[in-house]
Amino acid sequence: QVQLVESGGGLVQPGGSLRLSCVASGSFFSIYAMGWYRQAPGKQRELVTLITNGGSTEYADSVKGRFTISRDNAKNTVYLQMNSLNAEDTAVYYCYANIVQNLSGYRLGYWGQGTQVTVSS
């Protein structure tokens, strides 16, 4: 069983910053990729950013230049530094991990419980 535990959400003023963290724990072979999705009220869940175990990254156009993803492979942890936040960034942010289950390379995706980020004055 794999668990993803997020932390770091909260209320921030426009232009402010927040840092999210997500730790993966449980029994697995390795982690291929970790990242963040978000879901605003009335909208579909969307990709924010992903990082692979090799360090390759992908960002949504709406967050490029403002958000930075990083990863500590030894701690099975991914971080999301969010700067220059605006009201459109308000959403529940979900940690995602694509985890290698065994030596054959079989992978499964897992989700965290979500953490609320609210950008408001």
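Structure: above.
Colleague: What is the right way to look at the state of the cysteines in this model?
Modeller: A disulfide bridge is the covalent bond that connects two cysteines by way of their sulfur atoms. This model, assessed by the stated rule, comprises 1 disulfide. Here Cys-22 connects covalently by a disulfide to Cys-95, the sulfurs 2.0 Å from one another. Since a negative S-S torsion denotes a left-handed disulfide, the Cys-22-Cys-95 link at about -85 degrees is left-handed. Of this pair, Cys-22 sits in strand β3 (residues 18–26) while Cys-95 sits in strand β9 (residues 91–100), placing them 73 residues apart in sequence. An identical accessibility class is assigned to Cys-22 and Cys-95; each is buried.

Colleague: For this particular structure, what's the right way to read unusual backbone geometry?
Modeller: Of all residues except glycine, most have a negative phi; of all peptide bonds, most are trans. One non-glycine residue, Asn-76, adopts positive backbone phi at about 50 degrees. Within the element layout of this structure, Asn-76 appears in the loop between β7 (67–72) and β8 (77–82). Judged by its relative accessible area of 25%, Asn-76 falls in the partly exposed class. In this model, Ser-84 sits at a positive phi of 50 degrees, which is unusual for a non-glycine residue. Position of Ser-84 relative to the elements: it lies in the loop between β8 and β9.

Rules used throughout
- Residues numbered from 1 in each chain as written.
- Predicted model: local features only at pLDDT ≥ 70, side-chain atom pairs only at ≥ 80, totals over all residues.
- Heavy atoms only, no water.
- Disulfide = S-S within 2.5 Å.
- Helix = DSSP H or I, 4+ residues; strand = E, 2+ residues; numbered from the N terminus.
- Buried < 20%, exposed > 50% of the residue type's maximum accessible area, 1.4 Å probe, protein only.

On their own, these measurements won't tell you what the molecule is for.
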